[in-house]
Amino acid sequence: MGFKVYFYLFLSNIAGMVYMLYLAVNRPATGWTDLVAVMVYMFIMGIGMLPGIAVQLILFFTKR
């Protein structure tokens, strides 16, 4: 899909991992911390895919 999409996905991956680590370390809720951290990670990855797809669509239509 191209470097620009990978770049946005990689940035969201890093942001998701940092926030997941923050939730796992600083939240006192035992048992739910791991599940919530993984759900937040997947949510941030999904958000990171949207700008990547938008950039690819813009590039696709401007090159035509």
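In this report, we go over the structure that sits alongside the text. Everything numeric here is computed off the predicted structure, so don't read it as measured data. (Residues numbered from 1 in each chain as written. Predicted model: local features only at pLDDT ≥ 70, side-chain atom pairs only at ≥ 80, totals over all residues. Heavy atoms only, no water.)

Some points on the packing of aromatic side chains
Turning to step 1, where the next piece is worked out: Under the definition given, this model contains one aromatic pair.
Turning to step 2, where the next piece is worked out: Arranged with centres 5.2 Å apart and planes meeting at 70 degrees, the rings of Phe-60 and Phe-61 form a pair that is edge-to-face.
Turning to step 3, where the next piece is worked out: Classification of Phe-60 as partly exposed rests on a relative accessible area of 42%.
Turning to step 4, where the next piece is worked out: Here Phe-61 falls in the exposed class, since its relative accessible area comes to 57%. (Phe/Tyr/Trp six-rings, centres within 6.5 Å; stacked < 30°, edge-to-face > 60°. Buried < 20%, exposed > 50% of the residue type's maximum accessible area, 1.4 Å probe, protein only.)

So, a nonpolar patch on the surface
Turning to step 1, where the next piece is worked out: Residues Met-49, Ile-53, Leu-57, Phe-60 and Phe-61 make up a contiguous nonpolar surface patch of roughly 500 Å² in combined accessible area.
Turning to step 2, where the next piece is worked out: Relative to the helices and strands, Phe-61 is located in helix α2 (residues 33–63). (Patch = residues over 30% accessible without salt bridge, like charges linked within 9 Å, V, L, I, M, F, W, Y side chains within 5 Å. Areas by Shrake-Rupley, 256 points an atom, 1.4 Å probe, with all protein chains shown as cover. Salt bridge = Lys/Arg side-chain N within 4 Å of Asp/Glu carboxyl O. Helix = DSSP H or I, 4+ residues; strand = E, 2+ residues; numbered from the N terminus.)

Points about the environment of Ile-47
Turning to step 1, where the next piece is worked out: Its location among the elements puts Ile-47 in helix α2.
Turning to step 2, where the next piece is worked out: With 31 residues separating them along the chain, Ile-47 and Gly-16 place their C-alpha atoms 9.9 Å apart.

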